[in-house]
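Okay, here's what each chain looks like letter by letter:
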Amino acid sequence: MSPHQLKKQTRRLSRTFFARPAPEVARDLLGKLLVHKLNGHTLAGKIVEAEAYLGDDDQAAHAARRLTSRTKVLFGPPGHAYVYFIYGMYECLNLVCEPDGIAGCVLIRALEPLAGIEEMQSRRPATHRLRDLASGPGKLTLAMGITRALYGCDITRGDLQVREFSDADPVEIVTTTRVGISVSRDLPLRFYIKDNEFVSAR
DNA sequence: CCGCGGATCTTCT
DNA sequence: GAAGATCCGCGGA
């Protein structure tokens, strides 16, 4: 998909899209396009897997503890990026949801690469199969060049954005429990596109 | 294909 | 001081 096609066939999501409950936003993000313009390159992938994280009622959510310097963006206005560092070497991308003052976000867990694929591959030299390029929360941030430098950035303006296809087909969604957490394990807050080979942990 | 463990460091207790 | 919203390479089947 060329940058020209991307601009013509898709449009950027606005803040109202994100100003809703996180589980609802997580479902609706499936099939949308995550785009990062970086150093003259346009990197893009279709969102095929996402998880919702809530506030007080979700002990697995970073926002459940309290408001800290790390989590403060979660309590702010929707449509901003929450990027955090984990396990000493990876970064994960979340999109802040809910109205201003209410915590909640969606973790982007896997992408189907659609544009700037060679650039993504150069960022993940150890990977050879396309389906492994961005099929995990740590993998996709590496492939897309997303770092903590983007903490708090406005997704509705600027170089990191989410776009929707004007002719999007409805997607078939599978709901499961979330991956890699030790508490609040039973909540059905993971969503992915059925039969999509770019989903993590198949 | 599957399971296991090491790497590595920020954040909060 | 310990845990953590992960990934990769290794060994075995």
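What counts, and at which threshold
- Residues numbered from 1 in each chain as written.
- Chains lettered and ligands numbered in written order.
- Predicted model: local features only at pLDDT ≥ 70, side-chain atom pairs only at ≥ 80, totals over all residues.
- Heavy atoms only, no water.
- Near = heavy atom within 4 Å.
- Polar contact = N/O pair within 3.5 Å; in protein donor to acceptor, adjacent residues only side chain to side chain.
- Helix = DSSP H or I, 4+ residues; strand = E, 2+ residues; numbered from the N terminus.
- Nonpolar A, V, L, I, M, F, W, Y, C, P; charged D, E, K, R; others polar.
- Buried < 20%, exposed > 50% of the residue type's maximum accessible area, 1.4 Å probe, protein only.
- Contact = heavy atoms within 4.5 Å.

A. Summary view of the protein's contact with DNA strand C. The local shell around DNA strand C holds 21 residues, among which Tyr 84, Tyr 90, Asn 94, Arg 124 and Gly 138 are the closest. Of everything in DNA strand C that lies within 4 Å of the protein, sugar and phosphate atoms constitute 52%. The side chain of Tyr 84 places a nitrogen or oxygen atom 3.0 Å from a base nitrogen of DNA strand C. Pro 137 places a main-chain nitrogen or oxygen 3.1 Å from a phosphate oxygen of DNA strand C. Sorting the residues of the surface near DNA strand C by element identifies strand 4 (81–86), strand 5 (90–96), strand 6 (105–115) and helix 5 (137–144) as the ones contributing at least two each. Residue classes in the surface near DNA strand C are distributed as 11 nonpolar, seven polar and three charged.

B. Here's a closer look at the environment of Glu 98. Its location among the elements puts Glu 98 in the loop between strand 5 and strand 6. Expressed as a C-alpha distance, the spacing of Glu 98 and Val 25, which sit 73 residues apart in the sequence, is 9.0 Å.

C. Up close: the side chain of Ser 200. Within the secondary structure, Ser 200 sits in the segment after strand 9 (190–193). For Ser 200, a relative accessible area of 5% gives the class buried. In this structure the side chain of Ser 200 is engaged in a polar contact, spanning 3.3 Å, whose partner is the side chain of Arg 109. Those residues in contact with Ser 200, other than ones at most four positions away along the chain, are Glu 49, Arg 109, Ala 110, Ser 135, Gly 136 and Arg 190.

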